[in-house]
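Observations on the model geometry
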Amino acid sequence: MDRTPPQPERVIARKRRRRPTRSGVVLTYELIVDTAIRLLNQGGDDALTVRRLGTALGADPSSIYRYFRGTDDLVLAVADELIGRTLAGTRRDGGWRERLRHTGEHLHATYVAHPKAALLAASRVTRRPNEIRAVETGLGIFREAGFPPDLAARHYHQFVDLTLGFAALDAAANALPPKAAAADRAAWTATYARLDPRTHPHISACAGPLARTMVTSAYPGALALFLDGLEARLAEVTAPGKGR
């Protein structure tokens, strides 16, 4: 029986023979993923196709299939690369709250910086090395804080979905055409602030603050509230005589 442990997709891809393209560029797993992210950053509903990727690399599109099974396999690799970029910039010192805050802010910023990639990748499970390392690191923060395994898993899930959900929302806003984005921002002063206070008293009373807050990301405030809730829950879990 073969007891060789399964190898991550990226390791397998790296072992494949590297071949020069028509333009003399040597194809690698990393080059293909970086080029895919660049194409996605350029926008367009069909930004990421094997044909476009081959053109950008100066390679026959069929050569991509030596590294990836198809477009979906490539999307998972892009998602894992974004996670890897997040891990590279996160801090490993400090208390659990500060580490989670920094990780969340960095993950959110990484995805928002790549709107099209974020929209494709935010909901995916890559099963690749960076994601596995991120899950291990994230669960470790919760467990080291004092949460038992079931709560560590539950709160890790909540933290990741909160962050990626806001990242996808903010990335979608950033990916809007400039004219549409400007119209959305202006709506809070051009439409909502002008509503009659007799028919819309609450909107009228909150018009100024509403116009200021609705054009910014709500993620920092939502993350702070989430961390406050975690602190309160942790106090319950770790109090003498208290359980889950």
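A brief report on the enclosed structure follows. (Residues numbered from 1 in each chain as written. Predicted model: local features only at pLDDT ≥ 70, side-chain atom pairs only at ≥ 80, totals over all residues. Heavy atoms only, no water.)

A closer look at the overall build of the protein chain
Scanning the protein chain from N- to C-terminus turns up 12 helices and zero strands. Across the 244 residues in the protein chain, those meeting the buried criterion constitute 39%. Restricting to contacts in the protein chain with at least 6 residues of sequence separation, those with at least 24 account for 68%. Accessible area for the protein chain stands at about 14,000 Å²; split by element, carbon and sulfur atoms hold 56% of it. (Helix = DSSP H or I, 4+ residues; strand = E, 2+ residues; numbered from the N terminus. Buried < 20%, exposed > 50% of the residue type's maximum accessible area, 1.4 Å probe, protein only. Contact = heavy atoms within 4.5 Å. Areas by Shrake-Rupley, 256 points an atom, 1.4 Å probe, with all protein chains shown as cover.)

Some points on the nonpolar core
By size, the foremost hydrophobic cluster in this structure holds 55 residues, and its most contacted members are I32, F68 and Y111. Secondary-structure elements contributing two or more residues to this core are helix 2 (29-41), helix 3 (50-57), helix 4 (71-89), helix 5 (96-112), helix 6 (115-121), helix 7 (129-145), helix 8 (149-174) and helix 12 (219-238). At nine residues, helix 8 tops the list of elements feeding residues into this core. Ignoring any residue separated from it by four or fewer positions in sequence, one finds I32 in contact with L27, L53, L57, I64, Y67, F68 and L74. (Core = buried A, V, L, I, M, F, W, Y, C linked by side-chain atoms within 4.5 Å.)

Points about the packing of aromatic side chains
Using the criterion set out here, one finds six aromatic pairs in the structure. Taken together, the ring pairs in this structure connect F142, F147, F159 and F226 into an aromatic cluster. (Phe/Tyr/Trp six-rings, centres within 6.5 Å; stacked < 30°, edge-to-face > 60°.)

Section: the environment of H114
Structurally, H114 can be placed in the loop between helix 5 and helix 6. Its relative accessible area of 13% is what places H114 among the buried residues. For the pair H114 and Q42, spaced 72 residues apart in the sequence, the C-alpha separation amounts to 9.6 Å. Beyond its immediate stretch of four places on either side in the chain, H114 contacts I37, N41, L82 and R85. Side chain to side chain, H114 and N41 meet in a polar contact 3.2 Å long. (Polar contact = N/O pair within 3.5 Å; in protein donor to acceptor, adjacent residues only side chain to side chain.)

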